Number of protein chains: 2
Amino acid sequence: MHFTSEQRLDDGVLAREFTLGEIPGTLWTPESAESAESAESAVSAVSAAPAPLILMAHNNGLPKSDARLVARARHSVRRGYAVASIDAAGCGDRPRSAAEEQARADLRRALRAGEPVDEIFESLVGPLVDKAAPEWRVTLDALLSLPEVGGPVGYSGWTALGIRLAVTEPRIAAAGFFAGGYVPHAQREEARKVTVPLLLLLQWDDEGNPRQRALDLFDAFGTEAKTLHANTGGHTGTPWFEGEDAGRFFDRHLSQHGGQGLQGPR
Amino acid sequence: MHFTSEQRLDDGVLAREFTLGEIPGTLWTPESAESAESAESAVSAVSAAPAPLILMAHNNGLPKSDARLVARARHSVRRGYAVASIDAAGCGDRPRSAAEEQARADLRRALRAGEPVDEIFESLVGPLVDKAAPEWRVTLDALLSLPEVGGPVGYSGWTALGIRLAVTEPRIAAAGFFAGGYVPHAQREEARKVTVPLLLLLQWDDEGNPRQRALDLFDAFGTEAKTLHANTGGHTGTPWFEGEDAGRFFDRHLSQHGGQGLQGPR
């Protein structure tokens, strides 16, 4: 893992770009946590405990530099978390295979023509999940080797990838999923094996994502402690307070393992 | 409105029993708000602003003294609210008419026999709402005449009554509904006219309340800013953190009108 650049942001967040082999990523941490690495005195090194990590996996169509993703990451860091995102193979700004380009072209054409898109989504998203999951796991290994980053780990965002990671990666202790994206058949089946606490966020009027499918998915998850938050509005209309709610969800499930700014029941 | 007893609780909550004609009620307030009434110096009277009011209407089968209801009330008072509940006609410990007794007996028999209960619920709950709503409005008038209680007003609890109040009572500015109860046809229709911000709380596996009916009701509400929170578990299994979430919901919608301990977006 090589850090290629760093930026100190005005809210006390340190944003560092990194590469791990072919994988480009960003790590956002509280500046106080970063000081653990460079501290000269034992006192300040001890005072900066490792920040619990949240993997923030974007929907495959967005690069990790997307403004909404960056805002979510900074919000979580202000709550005391380390947040990491990567552009996995075929995602974000990474090069696409001929098959991926073809599937995306087919998808645009079918959407314009008002034709069914499930089969095309299946052929596009299924392989993306299969290729992205191992890259995220390699990244997780590297991130947890940093002294300023701790575990267990939260997962936030892209549902299909998150299901795969939650059932294959025991270090993930809680997952916040956004229901606005196609979930392949394989992950709809795997959902029954998900047992970590989860929060599913649904936009009730999401134009491209059938509501019933999201409700069926929520029902299918094997987790006992699962919560659904639904709000009126379209795909991009998630209200600001859901960011706060997601933060409190992670606080409840990751807080015993360190981190700053964490809240408990009164 | 006559206060018949008062109790100072160890969390800074003042609980006062009152009667208003035949209606028995309880008002919970922060002790600091109550001091506005009895304060001898102008300074302390000014410093205690009226607390925004939440009407906490229990499901018709429970008395207002139920331990879970009292705990909810005290939680809201600790957030800076005044909370009131009454036993409306036919509810809680109030005497029941022969027709109400008959309907409740029919209901028990039908539930034991596994027979359909919608028609019986309709004949029981419809008239209860019709009789309870004017009693709640009279109570609201009396409560808002107290110097320590302010408006606009939040509503929390019994869905069917809350729908009726939300469409007939312009002083209600936000409503938190619990989906675990029968909603008569009349209120399912009235739901389209509800336009205040609302939070609907659903127990996903509620034994006696069909999930789809709750989802249809959520869809029907005329409100633009509506949020659904669903959690796994049966009727009484609502997780503790939903109390906090409901508090923040009221903070968002009632906070500009005064009150203590209120939170805004960061």
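These numbers come from a predicted model, not from an experiment.

## Structural notes on the pairing of strand 3 (residues 23-30) of chain A
Residues and elements named next belong to chain A. Here strand 3 lies mainly inside the structure; seven of its eight residues are buried. Taken together, the eight bridges between strand 2 (residues 13-20) and strand 3 define a ladder with antiparallel strand orientation. Of the residues in strand 3, the one forming a bridge with Phe-18 is Gly-25. The loop that links strand 2 with its antiparallel partner strand 3 comprises two residues; one of these, Gly-21, has a positive phi angle of about 60 degrees. Both strand 3 and strand 5 (residues 82-86) contribute to a ladder of four bridges, which runs antiparallel.

## Here we look at the interface of chain B and chain A
For an interface, size is often stated in terms of accessible area lost upon the parts coming together. Facing 27 residues of chain B, the contacting portion of chain A comprises 25 residues. On inspection of chain B and its partner chain A, the count reaches two salt bridges. The salt bridge involving Asp-219 of chain B is made with Arg-211 of chain A; its shortest N-O contact spans 3.2 Å. Put simply, the parts of the chain that give the side of chain B that touches chain A at least two residues each are helix 8 (211-220), strand 9 (226-231) and helix 9 (241-254) of chain B. Here the side of chain B that touches chain A is built from residues that sort into nine nonpolar, seven polar and 11 charged. Relative to strand 9 of chain B, strand 9 (residues 226-231) of chain A runs antiparallel, the two sharing five bridges. Across the sheet, Ala-230 of chain A pairs through a bridge with Leu-228 of chain B, a residue of strand 9 of chain B.

The rules we used
- Residues numbered from 1 in each chain as written.
- Chains lettered and ligands numbered in written order.
- Predicted model: local features only at pLDDT ≥ 70, side-chain atom pairs only at ≥ 80, totals over all residues.
- Heavy atoms only, no water.
- Buried < 20%, exposed > 50% of the residue type's maximum accessible area, 1.4 Å probe, protein only.
- Helix = DSSP H or I, 4+ residues; strand = E, 2+ residues; numbered from the N terminus.
- Pairing = 2+ DSSP bridges.
- Contact = heavy atoms within 4.5 Å.
- Salt bridge = Lys/Arg side-chain N within 4 Å of Asp/Glu carboxyl O.
- Nonpolar A, V, L, I, M, F, W, Y, C, P; charged D, E, K, R; others polar.

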